[in-house]
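Residue-level structural notes
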Amino acid sequence: MYDPSQLRTFLAVAQTLSFTQAARRLGLRQSTVSQHVRRLEDVAGRQLFTRDTHSVELTEDGEAMLGFARRILEVHEQATAFFTGTRLRGRLRFGASEDFVLTRLPEILESFRYDHPEVDLELTVELSGTLHEQLAAGKLDLVLAKRRPEDPRGELVWHDRLVWIGAERLRLDPDRPVPLIVYPPPGITRALALEALERQGRPWRIACTSGSLNGLVAAARAGLGVMAHSRGLVPPGLVRVPERAGLPELGEVDFVLMHGRRQASAQGAADALAAAILGGGDRLHRGGGASAAASRT
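So, here is what we can say about the structure in this document.

Criteria and thresholds
- Numbers given to residues run from 1 along each chain, matching the order in which its sequence is written.
- Where totals are concerned, whole chains, interfaces and linings use all residues; where local detail is concerned, this predicted model gives features only for residues with pLDDT of at least 70, and gives and counts side-chain atom pairs only at 80 or more.
- Only heavy atoms go into the side-chain values, all of them from the structure, while hydrogens and water stay out.
- Here, the term nonpolar core denotes a set of buried Ala, Val, Leu, Ile, Met, Phe, Trp, Tyr and Cys residues that are joined through side-chain atoms within 4.5 Å.
- Per-residue accessibility, obtained with a 1.4 Å probe over protein chains only, is compared with the maximum for each type, and a residue is labelled buried under 20%, exposed over 50%, and partly exposed between these values.
- Residue contacts are counted whenever heavy atoms from the two residues lie within 4.5 Å of one another.
- Here the axes come from fitting lines to C-alpha atoms, over the contacting stretch only for helices, and the angles between their N-to-C directions go from 0 to 180 degrees.
- Here a strand is any run of E in DSSP of at least two residues, a helix any run of H or I of at least four, and the numbering for each starts at the N terminus.
- Any angle from 65 to 115 degrees is called roughly perpendicular, while one under 35 is roughly parallel, one over 145 is roughly antiparallel, and all others are oblique.
- We call Asp, Glu, Lys and Arg charged. Ala, Val, Leu, Ile, Met, Phe, Trp, Tyr, Cys and Pro are nonpolar, and the rest, Gly among them, are polar.
- Under this definition, polar contacts are N or O atom pairs within 3.5 Å; protein pairs additionally need one hydrogen-donor-capable and one acceptor-capable atom, and for neighbouring residues in sequence, both atoms have to be side-chain atoms.
- For two strands to be treated as a pair, DSSP must find at least two bridges joining them.
- By convention a crossover is right-handed if, when the strands point away from the viewer, the path from the first strand over the helix to the second runs clockwise.
- For patch building, the residue pool is restricted to those with more than 30% relative accessible area and no salt bridge; the joining distance is 9 Å between like charges and 5 Å between nonpolar side chains (Val, Leu, Ile, Met, Phe, Trp, Tyr).
- Calculation of accessible area relied on Shrake-Rupley with a 1.4 Å probe; when residues are assessed, cover is drawn exclusively from the protein chains displayed.
- Salt bridge, as applied in this entry: a Lys or Arg side-chain nitrogen positioned within 4 Å of an Asp or Glu carboxyl oxygen.
- Within this scheme a cavity is a closed region of a 1 Å grid, computed over the protein atoms alone, that accommodates a 1.4 Å probe without allowing it to escape, whereas a pocket is open but has protein on both sides within 12 Å along at least five of seven lines; lining residues each have an atom within 4 Å of a point.
- Grid points are joined across faces, edges and corners, and a volume is the space filled by probe spheres set on the points.

Here the focus is the nonpolar core. Generally speaking, a soluble globular protein has its nonpolar side chains buried in company with each other. Formed by 43 residues in total, the largest nonpolar core has its most connected members in F94, L105, L144, W164 and L273. In this structure W164 touches L180, A193, L197, V226, M227, A228, V239, R240, V241, L247, P248 and L250, once residues within four positions along its chain are discounted. Membership of the second largest hydrophobic core comes to 21 residues, among which are V13, A14, M65 and A69.

Viewed as axis vectors pointing N to C, helix α1 (residues 4-16) and helix α3 (residues 30-44) meet at an angle of 110°, and their least axial separation amounts to 9 Å. By the criterion of interaxial angle, the relationship of α1 to α3 is roughly perpendicular. From α1, S5, Q6, L7, T9, F10 and V13 reach across to α3, where they touch V33, H36, V37, R39 and L40. Of the residues assigned to the contact of α1 with α3, the class counts are six nonpolar, four polar and one charged.

What follows deals with the side chain of D141. The residue D141 is located in the loop between α6 (128-136) and β5 (142-147) in this model. Looking at D141, its side chain comes within polar contact range of the main-chain nitrogen of R93, at 2.8 Å.

Attention now goes to the pairing of strand β8 (residues 204-209). Sheet analysis places strand β7 (residues 178-182) next to β8, joined by five bridges and oriented parallel. The residue bridging I181 from the neighbouring strand is C208, located in β8. Viewed along the sheet, the connection from β7 through helix α7 (residues 188-200) into β8 turns out right-handed.

Residues V101, L102, L123 and V125 make up a contiguous nonpolar surface patch of roughly 280 Å² in combined accessible area. Turning to its location among the elements, V101 is positioned in the loop between β3 (90-97) and α5 (105-115). Accessibility expressed as a relative area gives 33% for V101, which makes it partly exposed.

Turning next to the pairing of β5. Summarising burial for β5: six of the six residues are buried, a large majority. Note that β3 and β5 share three bridges and pair parallel. Across the sheet, residue G95 finds its bridge partner in β5, namely V143. Direction of pairing for β5 relative to strand β11 (residues 252-259): antiparallel, over a ladder of six bridges. For L144, the partnering residue across the bridge sits in β11 and is L257.

At a minimum axis separation of 8 Å, helix α2 (residues 19-26) and α3 run at an interaxial angle of 105°. The orientation of α2 with respect to α3, classified from their angle, is roughly perpendicular. Seen from α2, the contacting residues are F19, T20, A22 and A23; seen from α3, they are Q30, V33, S34 and V37. Within the contact of α2 with α3, the residues separate by chemical class into five nonpolar, three polar and no charged.

Considered as a void within the structure, the largest pocket measures approximately 920 Å³ in volume. Along its surface, the largest pocket is lined by 32 residues, and E77, D115, H116, A272 and A275 are the ones closest to its centre. For the lining of the largest pocket, the secondary-structure elements that each account for two or more residues are α1, α2, α4 (60-84), α5 and α9 (264-279). Per-element tally for the lining of the largest pocket: the top contributor is α4, with eight residues. Its residues assigned to classes, the lining of the largest pocket comprises 15 nonpolar, eight polar and nine charged.

Cis geometry is found at the peptide bond from P185 to P186, where omega equals 10°. Examined against the element boundaries, P186 turns out to sit in the loop between β7 and α7. Non-glycine residue L17 carries a positive phi angle of around 50°. You can see L17 is positioned in the loop between α1 and α2. L17 gets classed as buried once you look at its relative accessible area, which sits at 6%.

Dropping the structure here:
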């Protein structure tokens, strides 16, 4: 009843909230992406997206279709692997940025391990900047991390806006430097936060530095300061800082998959894990206890 190619297209649009970005990811024409979505909506008998020239949003039925599409594609891929007799083997060195510590990435990795038990998966959790360095040095095979929107490298998983977050009761004194809770260099969100404050001419001070997301969240919950964070990954117990605080706009950020130097022993496993992450990417920011957010362009 449901065509796997149409379901893959639907997931790509749902994760990027952009027909253009989905077409780019899938290597299809934008008209083909639109056609796949229309046909899937015809089969389902429901509208899955509300869209105009400026925005794309999932409907309630579209949200429901997300889970069905993932499960259908997972079973489809398992059946294909079983009957073609393909069993992936080898060592896969996978790096994920600290941003995903509190998301449902472990569920995706657990499913991958179940489907490919003979793959030796090694997970490294680090800052995005550090992961980019390790990938370039040949120490990792696949990386899921942030990049600046102007950076062309990597395959887009989703696009998001950075926001200021902190404890609900936190109040900033406009006459004092902004207390910042930040990752150490080369953290991308750290750099973007400092650049934004410098552009505004707003004084700041470092209130807490930690290479661990849990450490940053603990400091923020204690009211030590504010932190720049993806709007779609706001940790429980923290809220967006209201606009009346006068903090500058932080801009946007991309979450991408990047492959390392192609090693024959890791290539198949890296491609399979990348496909699993792209297929379930909406769980990373929709399942983390925060509202979904992505670019609509």
